[in-house]
Amino acid sequence: MAKYNITEKKEKEAAYRSLVSPKLMDEMKERILNIIVMQKKYKDKNYSAKKLAEDLGTNTRYISAVVNVRFHMNYTSFVNKFRIEEAMAILVDRRYQNLRMEEVSDMVGFANRQSFYASFYKIVKMTPRDYRLQHLAQHPSEKVRAEKNHTKISR
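The numbering scheme is per chain: residues are counted from 1 as the chain's sequence reads. Only residues with pLDDT of at least 70 get local features here, since the model is predicted, and only at 80 or more are side-chain atom pairs given and counted; chain-wide, interface and lining totals rely on the full set of residues. As a rule here, side-chain values cover all heavy atoms of the structure and leave hydrogens and water aside.

### Observations regarding the overall build of the chain
Part 1: Secondary structure elements are taken from DSSP: a helix is a run of H or I of four residues or more, a strand is a run of E of two residues or more, and numbering for both begins at the N terminus. In terms of regular secondary structure, the chain is built from nine helices and zero strands.
Part 2: Each helix and strand of the chain, placed in order from N terminus to C terminus, yields the pattern α-α-α-α-α-α-α-α-α.
Part 3: The 155 residues of the chain split such that 33% are buried.
Part 4: Residues are treated as being in contact if the distance between any of their heavy atoms lies within 4.5 Å. Nonlocal contacts in the chain, meaning residues at least 24 apart in sequence, comprise 61% of its contacts between residues at least 6 apart.
Part 5: With residues, only the protein chains shown are counted as cover, and all accessible areas are computed by Shrake-Rupley using a 1.4 Å probe. With the model as given, the accessible surface of the chain reaches about 10,800 Å², and the carbon-plus-sulfur share is 51%. Between buried and exposed lies partly exposed: a residue is buried under 20% and exposed over 50% of the maximum accessible area for its type, with that area taken using a 1.4 Å probe on protein chains only.

As structure tokens, this is what we get:
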């Protein structure tokens, strides 16, 4: 007899997922994308799944089910993905080279620098600072421009 009563963890299918028809899931997916991406609600650090559900006239369980089934992630990961994509663009944009990481974090909707760094690292596998430096190393002309801009600003 085994010393410990260990059973293999079974993947549970959330019951509410099967209650949402595929057609409704597709409609909700498009409506979620419209609000989060097209209206750029991902930049609003106070825009929660609850607020999204209210705006769509549904509840958070359905939002969660649709995001999980159609995007294969939870709501927070879904929103953070768009935040990180925008942060990546900002970090390599010449116009924003003098921004501090806290400012970039705030621009894309993170509540604090720590959650920005953690999410960025989880998705990109490097810190935002390293990402910026790596881009500058690959594009030396922009590095020279950044250094010139920096000396102008610091004077």
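That covers the picture; the talk isn't over yet.
### Regarding the pattern of salt bridges
A side chain of one charge can pair with a side chain of the opposite charge when the charged atoms of the two come close.
Part 1: When a carboxyl oxygen of Asp or Glu lies within 4 Å of a side-chain nitrogen of Lys or Arg, that pair is called a salt bridge. For the structure on display, the rule yields 10 salt bridges.
Part 2: Its salt-bridge partner being lysine 51, residue aspartate 55 comes within 3.0 Å of it at the nearest N-O pair. Here aspartate 55 pairs with lysine 51, and both are found in helix α3 (residues 49–56), just four residues apart, close to one helical turn.
Part 3: Overall, aspartate 55 belongs to the partly exposed group, its relative accessible area being 37%.

### Comments concerning the nonpolar core
Part 1: Nine residue types can take part in a nonpolar core, namely buried Ala, Val, Leu, Ile, Met, Phe, Trp, Tyr and Cys, and a core is a set of them joined through side-chain atoms within 4.5 Å. Membership of the largest hydrophobic core comes to 21 residues, with the highest contact counts inside it found for Ile32, Ile36, Leu52, Ile63, Tyr75 and Phe78.
Part 2: Secondary structure elements with two or more residues in this core: α2 (22–38), α3, α4 (60–71) and α5 (75–91).
Part 3: Excluding anything up to four places from it in sequence, isoleucine 36 contacts Lys41, Tyr42, Tyr47, Leu52, Tyr75, Phe78, Val79 and Phe82.
Part 4: Within the second largest apolar cluster, 13 residues are counted, among which are Phe110, Phe116, Phe120 and Tyr131.

### Let's talk about the packing of aromatic side chains
Part 1: Between the rings of Phe, Tyr and Trp (Trp by its six-membered ring), a pair exists once the centres lie within 6.5 Å; its type follows the angle of the planes, with under 30 degrees stacked, over 60 edge-to-face, and the other angles tilted. Inspection of every chain in the model, using the stated rule, returns seven aromatic pairs.
Part 2: When the centroid spacing of 6.1 Å and the interplanar angle of 35° are considered together, the rings of tyrosine 42 and phenylalanine 82 count as tilted. With tyrosine 42 in the loop between α2 and α3 and phenylalanine 82 in helix α5, this pair connects stretches of sequence that are 40 residues apart. Phenylalanine 82 carries the same exposure label as tyrosine 42, and that label is buried.
Part 3: Both rings, one in phenylalanine 71 and one in phenylalanine 78, keep their centres 4.5 Å apart while their planes meet at 35°; by these two values the pair is tilted.
Part 4: By relative accessible area, which is 16% here, phenylalanine 71 ends up buried.

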